[in-house]
Amino acid sequence: MITDRDDGHPFKTGAGHGGRRPGYPVAAGVFAIGMAGTTLPTPLYGLYREQLGFSELMVTVVFAVYALGVITVLLLAGNVSDTVGRRPVLFCALGLSAASALCFLFEGGLPMLLLGRVLSGFAAGLFSGAATAAVLELAKPGQEAHAGFAATAANMGGLGCGPLLSGLLAQYAPWPLKLPFLVHLGLVALATGATWLLPETVRRPRRPRSLRPQRLHLPHEVRGVFAPSAIAAFAGFALLGLFTAIAPSFVGQTLGVHNLAVAGAVVFTVFLGSTVGQSLSGRIGVRTALPAGCLVLVAGLVLVATSLAVTSLPVLVTGAVCGGIGQGLAFRAGLTAVGHAAPPEHRGGTISAFFLVAYLGISLPVVGVGALTMELGLRGAGLTFSACVIAVAVAVGLYVLRRPPTDDD
């Protein structure tokens, strides 16, 4: 929990606002709705591909510009809510989320899809910092652990619920390319009303002088733990990127399952696994969770590769759950290790650098898979991707087994 302080950016917790004001569960709900919008198009890419006639490579590019939007916001405005307050940033993020939904709702071709994904990335970048901080700061004394897990569950759970919702609506309701975004706009309106009721946790918000790229500084104290932690996050986010961008194509073209609800559910399982893994990480500690997460991630990737080789949907789902658990374990452990190692005066920049590496993992490898499909097909590209990420995760896992990070208290 962030406590009151008397410098230029003081904070206050929700405890001082009385019991009648919404607390951290409401902020977590707003967070989940915002993140769900970022993955809403996932099961629909196949429909867009058929309608607009672009390649699998272009599907991954459409997805990757989302990560570009997230990275841009992390660099330019990652800490802006410390100055202007949490609520204004949340309102801005919800507005961007609504604008993204409108781009998809009235799409007239590839440029609108790309614009919608960029706007969605901007929204996710703002939500990641402001909503996480709001959830933690609105927790009353004794609720810190529950609020921490609520922020984690809202983030990964929201990402998982997006494709599940749109897959169900696209498969079983009318207007498959319209209704999911209409429903999301309704949810955004609900989240906007909830945000209006939330107390502001920044005591003296003020307008920032300018938006300049943040300096990503790695202090000497963190360099030993940063590389393995960030590379583990890169590998885990590459798995998330694979499932979010082209898992529906794998399900439809390689496994022969054309039900959009099933495709959305498959993507949901990897984020569900990640949420479970992050909850387990807090129980077993960083020293164990980081190498264990890498090894469980490897097991999940082996199952994913096996599912492609033998064309088995149950094996793919099992691999998604297993890989998600590994990703969640390694990600939360790595973030905790980096946060604890960084001195307070450089903690923000260090964590921004960590997230930058993670989001590179969710974009660059996925575009590579899209390019490989042009030569190897989906199955060959998926097998090649799995082998590469397995090699990275094994190397990191063995490294942290020999040189484990300091455990959290």
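Rules and cut-offs
- Residues numbered from 1 in each chain as written.
- Predicted model: local features only at pLDDT ≥ 70, side-chain atom pairs only at ≥ 80, totals over all residues.
- Heavy atoms only, no water.
- 1 Å grid on protein atoms, 1.4 Å probe; cavity = no way out; pocket = protein on both sides within 12 Å on 5 of 7 lines; lining within 4 Å.
- Points joined across faces, edges and corners; volume = space filled by probe spheres on them.
- Helix = DSSP H or I, 4+ residues; strand = E, 2+ residues; numbered from the N terminus.
- Nonpolar A, V, L, I, M, F, W, Y, C, P; charged D, E, K, R; others polar.
- Core = buried A, V, L, I, M, F, W, Y, C linked by side-chain atoms within 4.5 Å.
- Buried < 20%, exposed > 50% of the residue type's maximum accessible area, 1.4 Å probe, protein only.
- Contact = heavy atoms within 4.5 Å.
- Axes fitted to C-alpha atoms, helices over the stretch in contact; angles between N-to-C directions.
- Parallel < 35°, antiparallel > 145°, perpendicular 65-115°, else oblique.
- Left-handed = near helix turned anticlockwise from the far one by under 90°.
- Patch = residues over 30% accessible without salt bridge, like charges linked within 9 Å, V, L, I, M, F, W, Y side chains within 5 Å.
- Areas by Shrake-Rupley, 256 points an atom, 1.4 Å probe, with all protein chains shown as cover.
- Salt bridge = Lys/Arg side-chain N within 4 Å of Asp/Glu carboxyl O.
- Phe/Tyr/Trp six-rings, centres within 6.5 Å; stacked < 30°, edge-to-face > 60°.
- Lys NZ or Arg CZ within 6 Å of the ring centre and 35° of its normal.

Caption draft 1: Region of interest: empty space enclosed by the protein. Scanning the entire structure with this criterion turns up five cavities of 30 Å³ or more. If you go around the largest cavity, you meet 13 residues; those closest to its centre are Thr-39, Tyr-66, Leu-159, Phe-271 and Ile-362. The set of elements that each furnish at least two residues to the lining of the largest cavity consists of helix H1 (24-39), helix H3 (56-77) and helix H9 (223-254). Space inside the second largest cavity adds up to approximately 40 Å³. The wall of the second largest cavity is formed by Leu-242, Phe-243, Ala-247, Phe-250, Val-304, Leu-308 and Leu-316. Here the element with the most residues in the lining of the second largest cavity is H9; it accounts for four residues. Of the residues in the lining of the second largest cavity, the class split is seven nonpolar, no polar and no charged.

Caption draft 2: Highlighting the nonpolar core. The biggest cluster of nonpolar side chains holds 115 residues, and the ones touching the most others in it are Tyr-48, Phe-127, Val-135, Phe-181, Phe-237 and Phe-243. Broken down by element, the residue count for this core peaks at 17 residues, all from H9.

Caption draft 3: Focus on the side chain of Ser-128. Position of Ser-128 relative to the elements: it lies in helix H6 (residues 110-137). If near-sequence neighbours (up to four positions away) are discounted, Ser-128 is found in contact with Phe-31 and Tyr-359.

Caption draft 4: How the structure looks around the packing of H1 against helix H8 (residues 179-197). Taken N-terminus to C-terminus, the directions of H1 and H8 make an angle of 150°; their axes are 9 Å apart at the nearest point. Classified by the angle between their axes, H1 and H8 sit roughly antiparallel to one another. For the crossing formed where H1 meets H8, the hand is left-handed. The residues of H8 that touch H1, namely those facing Val-26, Val-30, Ile-33 and Gly-37, are His-184, Leu-187, Val-188, Ala-191, Ala-194 and Thr-195.

Caption draft 5: Layout of a nonpolar patch on the surface. Residues Leu-272, Val-276 and Leu-280 make up a contiguous nonpolar surface patch of about 210 Å² in total accessible area. In this fold, Leu-280 is placed in helix H10 (residues 260-284).

Caption draft 6: Spatial organisation of the packing of aromatic side chains. Under the defined criterion, the tally for this structure stands at eight aromatic pairs. Between Phe-104 and Phe-181 the ring centres are 5.0 Å apart and the planes differ by 10°, which places this aromatic pair in the stacked class. With Phe-104 in helix H5 (residues 86-105) and Phe-181 in helix H8, this pair connects stretches of sequence that are 77 residues apart. Judged by relative accessible area, Phe-104 falls into the buried class, the value being 2%. Both rings, one in Phe-237 and one in Tyr-359, keep their centres 5.6 Å apart while their planes meet at 70°; by these two values the pair is edge-to-face. Remark: Tyr-359 occurs in helix H13 (residues 347-361) and Phe-237 occurs in helix H9; sequence separation between them is 122 residues. Classification of Phe-237 as buried rests on a relative accessible area of 4%. Here Tyr-359 falls in the buried class, since its relative accessible area comes to 6%. Taken together, Phe-237, Phe-331, Phe-354, Phe-355 and Tyr-359 form an aromatic cluster joined through their ring pairs. Lying across the ring of Trp-196, Arg-87 places its NZ or CZ 5.6 Å from the centre.

Purely geometric stuff here, so don't read any function into it on its own.
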